[in-house]
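Here's the letter readout for the chains.
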Amino acid sequence: MRGDNDQLASFWMPFTANRAFKANPRQIVSASGMFYQSADGRQILDGTSGLWCSNAGHCRPEISEAIAKAAATLDFAPTFQLGHPLPFELAQRLAALMPKGMDRIFFTNSGSESVDTALKIALAVQRAKGQGTRTRLIGRERGYHGTGFGGISVGGLVHNRRAFGGGLPGVDHLRHTHDIERNAFTRGFPQHGAELADDLQRLVDLHGAETIAAVIVEPMAGSTGVLVPPVGYLQRLREICDKHGIILIFDEVITAFGRVGGATASEAWGVTPDIITMAKGLTNAAVPMGAVAVKRELHDAVLDSVEGGIELFHGYTYSGHPLASAAGLATLDLYARDGLFDRAGELASYWEDAAHGLKGRRHVIDIRTIGLVAGIELEPRAGAPAARAMELFHACFDNGLLVRATGDIIALSPPLIVEKPQIDEMFERISELLGAID
């Protein structure tokens with residue numbers, strides 16, 4: 001590759017076809033509100049909140065000013081055996097948004113770190129309770145839980161694991177819930193598939209409850225293409241976990257902070273896990289940050305199991321970083337002031353009508369919507385899976401719209417500040433371009 005676009009060669013880009021990108025780069029140079037600006041000066045309507053993360057829109061001055069103030073006041077302070085005020089304030093504010101009792105917060109730097117932290121906390125809790133045989137972790141097929149070794153082990157996307165060995169030992173997976181034959185073109189929760197939660201009982205019967213520490217699922221599987229849980233599915237998982245002493249983890253890196261209504265999907269959908277992972281919308285993506293919310297009794301079990309000294313040998317140099325904490329506080333203020341957690345509910349009906357207006361368009365075999373999220377599944381091109389969606393992704397960008405391509409699925413999750421004319425523009429643009437894609 002050296003010699004071709006040398007100014008781009010040094011950056012090994014994540015989750016990118018590097019050779020293809022560097023042969024024909026598409027770059028973003030600025031952002032404001034609902035729009036990016038491309039390197040060639042075009043406005044790009046953001047249909048994906050960046051990467052599911054800029055929930056309040058881009059370059060909000062309230063957040064930028066908070067970051068600048070923090071940088072000028074305290075650029076860094078360690079949180080190992082020391083502290084500074086901002087993460088304590090942010091943890092208290094964040095705890096108040098969580099389901100009742102989930103008021104202990106551990107800060108990380110990303111969703112991947114939040115997942116690995118949650119898995120380690122679950123193992124530590126079981127050990128602290130005298131359940132040291134519980135070391136098995138259960139994920140789900142087609143699940144995405146970041147890119148740490150814990151996350152790819154419990155995750156269920158084969159390409160994310162294939163090159164990196166077997167992952168953590170003793171991990172197993174539930175079946176996924178995707179079922180086009182019974183649930184195609186669903187608005188909201190699919191009616192069929194709650195029985196798939198009983199796969200957890202099958203794994204209990206196979207391995208023994210005394211070996212299983214935790215099960216982790218996304219309430220809505222986003223990165224695999226917007227897989228919405230069937231009616232009753234999450235409730236059934238909760239029941240099985242309660243019956244067998246298994247810790248239930250919801251990975252809400254995508255669904256937290258208004259995406260499906262409420263502060264979390266747990267709140268919006270009435271199912272409370274034991275641990276929630278978060279990131280992305282926590283700081284509106286202005287500074288990398290993640291968090292893990294833990295039920296108080298789990299937290300206390302770990303602390304009470306140690307007579308003195310460090311209770312949990314885990315953490316990151318940047319846990320509770322001053323700039324990230326300031327960004328988080330400003331973001332929560334913005335969400336509250338502008339009522340952004342209510343926007344998904346207010347716009348959901350309009351959004352789903354617009355999305356399902358693509359039914360019958362060329363190549364479209366399924367549409368799934370919930371909150372301000374949509375998944376548009378395309379028929380795979382013979383011999384070239386995922387190629388059709390990637391072509392549509394590029395065509396959309398070249399025509400002023402950012403969407404997300406994942407496999408043969410186009411996902412949309414716009415900033416919560418989106419207006420109805422912008423929703424119309426998104427789906428009209430996609431409809432038009434579908435006709436031009438082979």
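On a predicted model such as this, the values are computed, not experimentally measured, just so you know.

Enquirer: Go over the state of the cysteines with me, naming the residues and quoting the values.
Expert: In total, this model carries 0 disulfides according to the counting rule given. As a non-bridged cysteine, cysteine 59 has cysteine 53 as the owner of its nearest cysteine sulfur, 12 Å distant. The class of cysteine 59 is exposed, set by a relative accessible area of 54%.

Enquirer: Give me the domain arrangement of the chain: which residues, what numbers.
Expert: Entries for the chain in the domain assignment read domain 1 (18-60 + 339-435) and domain 2 (64-337). The centre of domain 1, based on its C-alpha atoms, is set 26 Å off from the matching centre of domain 2. Between domain 1 and domain 2, the residue contacts involve 38 residues of the former and 38 residues of the latter. Of the roughly 3,100 Å² buried between domain 1 and domain 2 on both sides combined, carbon and sulfur atoms contribute 57%. The largest per-residue losses of area from domain 1 upon contact with domain 2 belong to Trp52, Phe341 and Ile370, which jointly make up 26% of the total buried on that side. Residue arginine 187 pairs with glutamate 352 through a salt bridge whose shortest N-O separation is 3.6 Å. For the side of domain 1 that touches domain 2, the secondary structure elements donating two or more residues are α3 (49-52), α14 (343-356), β11 (364-370), β12 (373-378) and β15 (409-412). At 7 residues, the largest contribution of residues to the side of domain 1 that touches domain 2 is made by β11. Looking at the side of domain 1 that touches domain 2, its residues break down into 20 nonpolar, 11 polar and 7 charged.

Enquirer: Explain unusual backbone geometry to me, using residue names and the numbers behind them.
Expert: One non-glycine residue with positive phi stands out, namely phenylalanine 15, at about 45°. In this fold, phenylalanine 15 is placed in the loop between α1 (6-9) and α2 (18-23). Judged by relative accessible area, phenylalanine 15 falls into the exposed class, the value being 62%. Here the phi dihedral of serine 49 falls at roughly 50°; this positive angle occurs in a residue that is not glycine. Mapping serine 49 onto the fold places it in helix α3. Accessibility expressed as a relative area gives 0% for serine 49, which makes it buried.

Enquirer: I'd like a rundown of the pairing of β12, residues and numbers included.
Expert: In terms of burial, β12 is largely enclosed, as 6 of its 6 residues are buried. Residues Val373, Gly375 and Glu377 line one face of β12 and the alternating positions Ala374, Ile376 and Leu378 line the opposite face, and both faces are buried. Two strands pair when backbone bridges link them, and β11 and β12 are joined in this way by 6 bridges, in the antiparallel orientation. Note on β12: the bridge partner recorded for valine 364 is leucine 378. With 4 bridges joining them, β12 and β15 adopt antiparallel strand pairing. Bridge pairing in β15 links alanine 374 to leucine 412.

Enquirer: Which residues make up the packing of aromatic side chains, and what values go with them?
Expert: Each aromatic ring pair is described using two quantities: the centre-to-centre distance and the angle formed by the ring planes. Within this structure, the stated rule accounts for 6 aromatic pairs. Taken together, a centroid distance of 5.1 Å and an interplanar angle of 40° make the contact between tyrosine 335 and phenylalanine 341 tilted. On the basis of relative accessible area, phenylalanine 341 is assigned to the buried category, the value being 15%. The interplanar angle of 70° and the centroid separation of 5.1 Å between the aromatic rings of tryptophan 351 and phenylalanine 427 together place this pair among those described as edge-to-face.

Enquirer: So what's going on with the pattern of salt bridges? Which residues, and what values?
Expert: In total, this model carries 24 salt bridges according to the counting rule given. Between arginine 202 and aspartate 199 there is a salt bridge whose closest N-O contact spans 2.7 Å. Of this pair, arginine 202 and aspartate 199 both sit in helix α9 (residues 199-207), separated by 3 residues, roughly a single helical turn. Taken together, the shared-partner salt bridges in this structure form one network comprising Arg60, Glu62, Arg337 and Asp338.

Definitions and limits used
All chains use their own residue numbering, which begins from 1 and follows the written sequence. Only residues with pLDDT of at least 70 get local features here, since the model is predicted, and only at 80 or more are side-chain atom pairs given and counted; chain-wide, interface and lining totals rely on the full set of residues. The basis for the side-chain values is all heavy atoms of the structure; hydrogens and waters are excluded. In plain terms, two cysteine sulfur atoms within 2.5 Å form what is called a disulfide here. The rule is simple: take the accessible area with a 1.4 Å probe, protein chains only, and divide by the maximum for that residue type; under 20% is buried, over 50% is exposed, in between is partly exposed. Each domain's extent was defined by an automatic or database domain assignment. Contact criterion: two residues are considered in contact whenever any of their non-hydrogen atoms come within 4.5 Å of each other. Two parts placed together each lose some accessible area; with a 1.4 Å probe, that loss summed over both constitutes the buried area. Any carboxyl oxygen of Asp or Glu within 4 Å of a side-chain nitrogen of Lys or Arg constitutes a salt bridge here. Numbering goes from the N terminus for both helices and strands, where a helix is a DSSP run of H or I of at least four residues and a strand is a run of E of at least two. Here the nonpolar group is Ala, Val, Leu, Ile, Met, Phe, Trp, Tyr, Cys and Pro; Asp, Glu, Lys and Arg are the charged ones; every other residue, Gly included, is treated as polar. One bridge is not enough; two strands pair if DSSP finds at least two bridges between them. Ring geometry is summarised as follows: Phe, Tyr and Trp rings, the Trp one being its six-membered ring, pair when their centres sit within 6.5 Å, and such pairs are stacked at plane angles under 30 degrees, edge-to-face over 60 and tilted between the two.

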